[in-house]
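# Survey of secondary and tertiary structure
Below are the chains, spelled out letter by letter.
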Amino acid sequence: MARKVADVMWEMLADAGVERCYGIVGDALNPVIDALRRNGKIEFIHVRHEEYGVFAAVADAYLSGRPVVVCGTAGPGVTHLFNGLMDARKEGAPIIAIAGDVETRLIDTAALEELNPYKFFDTACLYVGRVVNPEQARAVFTTAILTAVVDKGPTVISMPGDIASANAPEHSAHAVAIPAPPVFHPASSDLDTLAEMIDAAAKVAIFGGDGCRDARDEVLQLAARLKAPVGYSFRGKQWLEHDNPNAVGMTGLLGYGGAYKAIHDADLLLLLGTDFPFSEFLPGDGVKKVQIDKNPKHIGRRTALDLGLVGDIKATVTALLGKIRDKSDSGFLEKQVAETNSFHELLQHYVQKGPGIKPIRPEFLAATLSELAADDAMFFVDTGTACIWAARHLKGGPNRRIFGSFSWASMANAAPNAFGAQLAFPGRQTIALCGDGGFTMLALGDLLTQVQRKTQVVQIILNNESLDFVKIEMQEAGVVPFGVDFKNPNFAKVAEAMGAKGIRIEEPGDVREALAEALAHKSGPVVVDAVVDPYALSLPSHVPFHVAKNFTLSLAKQVLTGKMDTVIKTIERNVRLI
């Protein structure tokens, strides 16, 4: 039997290191999926929703470093891929989407399920290729694979069924040579300028992001020599916080510790591998700022800079270490570390009092989870208040990982992220900290997929019957929360009915035992339904004036609209914070 175009595609993808394809089949994909079956080297992961499959693939690709394929049939199947592909672009995950397409004879006739892949995917993807002739197939496949792997982001191969099933040209298969990641640093003259700025500054602070992923040792060595406090974004936390005597926490509305004061009181701030988007929490012109990033599009777009350098963080810091003088005055560092330790005591109030407080405090739940989890546990966090508790109470380590939709901020990512990670690292402890809104939005249906595959994923639902983070955002905006409350089922019973293990926690005294039971379960997925305090708030280390003013205004409006009980409960439940 002659080799088909789709056969060539799967051969090239397998040669590039692809091990899994997540998606749902459909008529436009039939020739593609049939070729996948014939290939036999790539596992097909049938999910109940394409978006769930892409979120799973994002975590799989990000953590493993290998390219991962997702697929959806023409029209609606393709559109379900979009949100996850946006997440892949923001998080830097090498994803290759195979998009079903109408037959070539129907292109541009407004056929059933037809869309223009170039227009539709342009925002989400680094490259979109539409294969309309077998002769161009190899070039499109190569470009899609290399762009995804080298540039760390999503690409799309749009393939009509008649092209997928067409005979491939002779000698069309071609193994894609995957290059090692490029390593580069700024010119020596720019490094000399940076070294002069560092030597001239009495107080230097570092703020790092995900770009420090492979440069932890070098950044910590730089911090030690400069007596510099080290703050970090949420994406940088897992690389820079643990076992770091210079760590001073995070800034922003998730912020804790001395990070805000450290970066604002410094003479010079080094922004290393971060595209931190909340500019109002970055210092103004009173602090000199240098940003180093391998992506030139990140340079200077969040704050005005005194120097912007393009380069890999590991290579750049390594080169810089040979050009700077050590600093001897540790007063600035000690002050920021003391501030961090002081804030840590505040964070521990509801952790230490947690066993005696009902409803369950989410701080106590998250801290207990962190204590019980394995040293190499992988945590996945839904967008919302789950991010607050994870940022503050999940402790990192050399082999622990914390991942979420931190740059795209989509709802409902945690459970599918954890599913994909479990497939990439079978048997490794995989934990999703889910909001109840996110879990019911996307994760509930594909719990059946986890049950079918017996994946060891622990899903812990923060059951407060509201879109809690949105409610907080409304109060910060000075308005009365509206449209954020809903009723939940007993998730543990629902999970049991679907074939998973279900555990419901209502009493704070049961938290430790229930979490230990969930983490010990090895025969399939677990759903922990944790009924947590819906009035729990968090206090950032720095509260902008407009936020404090608007929050107060919102409380006043709630009183005037007959919600005095809600205001009283909010104050009572957060007596140490408000």
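The numbering scheme is per chain: residues are counted from 1 as the chain's sequence reads. Side-chain atom pairs in this predicted model are given and counted only at pLDDT of 80 or more, local residue features only at pLDDT of at least 70, and totals for whole chains, interfaces and linings cover all residues. Think of the side-chain values as coming from all heavy atoms in the structure, minus any hydrogens and water.

## Concerning unusual backbone geometry
Rules: Helix and strand definitions follow DSSP, with helices as H or I runs of at least four residues and strands as E runs of at least two, each counted in order from the N terminus.
Here the bond from Lys 358 into Pro 359 is cis, since omega is 0°, no more than 30 degrees from zero. Relative to the helices and strands, Pro 359 resides in the loop between helix H15 (349-352) and helix H16 (362-372). Backbone geometry at Asp 243 places phi at a positive 50°, although glycine is not the residue there. Mapping Asp 243 onto the fold places it in the loop between helix H11 (234-240) and helix H12 (259-265).

## So, the packing of helix H19 (residues 436-453) against helix H21 (residues 491-498)
Rules: Structural elements are reduced to axes, namely lines fitted to C-alpha atoms, with helices fitted over the stretch in contact, and the angle between N-to-C directions of any two is expressed from 0 to 180 degrees. Just so you know how the angles are binned, under 35 degrees is roughly parallel, over 145 roughly antiparallel, 65 to 115 roughly perpendicular, and the rest oblique. In this scheme the crossing of two helices becomes right-handed for a clockwise turn of the near helix relative to the far one and left-handed for an anticlockwise turn of less than a right angle. Contacts are residue-level and defined by heavy atoms, with any inter-residue pair within 4.5 Å sufficient. Residue classes follow a fixed rule: Ala, Val, Leu, Ile, Met, Phe, Trp, Tyr, Cys and Pro count as nonpolar, while Asp, Glu, Lys and Arg count as charged, and any other residue, Gly among them, counts as polar.
At a minimum axis separation of 10 Å, H19 and H21 run at an interaxial angle of 25°. Compared by their axis directions, H19 and H21 come out roughly parallel. Every pair of crossing elements has a handedness; the one defined by H19 and H21 is right-handed. Seen from H19, the contacting residues are Asp 436, Phe 439, Thr 440, Leu 444, Gly 445, Leu 447, Leu 448 and Val 451; seen from H21, they are Phe 491, Val 494, Ala 495 and Met 498. A class-by-class count of the residues in the contact of H19 with H21 yields 9 nonpolar, 2 polar and 1 charged.

## Things to note about the side chain of Asn 246
Using the following cut-off: Pairing of N or O atoms within 3.5 Å defines a polar contact, subject to two protein rules: one partner must be a possible hydrogen donor and the other a possible acceptor, and residues neighboring in sequence count only if both atoms are side-chain atoms.
Along the chain, Asn 246 falls in the loop between H11 and H12. A distance of 2.9 Å separates a polar side-chain atom of Asn 246 from the backbone oxygen of Ala 228.

## A few points about the packing of helix H9 (residues 188-200) against helix H13 (residues 313-321)
Helix-helix packing is characterised by the crossing angle of the two axes and by the distance between the axes. Interaxial distance between H9 and H13 falls to 10 Å at its minimum, and their mutual angle equals 65°. The two elements H9 and H13 cross, and the hand of that crossing is right-handed. Side by side, H9 and H13 meet where Leu 191, Leu 194, Ala 195 and Ile 198 of the first sit next to Thr 316, Ala 319 and Leu 320 of the second. Broken down by class, the residue content of the contact of H9 with H13 amounts to 6 nonpolar, 1 polar and no charged.

## Observations concerning the sheet that holds strand S3 (residues 68-72)
The strands that make up a sheet pair up through hydrogen bonds in the backbone, lying either parallel or antiparallel. Note the cut-off: At least two DSSP bridges between two strands are required for those strands to pair.
The strand order across the open sheet built from 6 strands is S2-S1-S3-S4-S6-S5, with neighbouring strands paired in parallel fashion. In this open sheet, the two strands that pair with only one neighbour each are strand S2 (43-46) and strand S5 (127-130). Geometrically, the sheet is characterised by an average inter-axis angle of 20° between neighbouring strands, direction not taken into account. Here strand S4 (residues 95-101) runs beside strand S6 (residues 155-160); their pairing, made up of 6 bridges, is parallel. By the bridge assignment, Ala 99 is partnered in S6 with Ser 158. The strands touched by helix H3 (residues 50-64) are strand S1 (20-23), S3 and S4; relative to S3, the strand with the most contacts, the crossing angle is about 170°.

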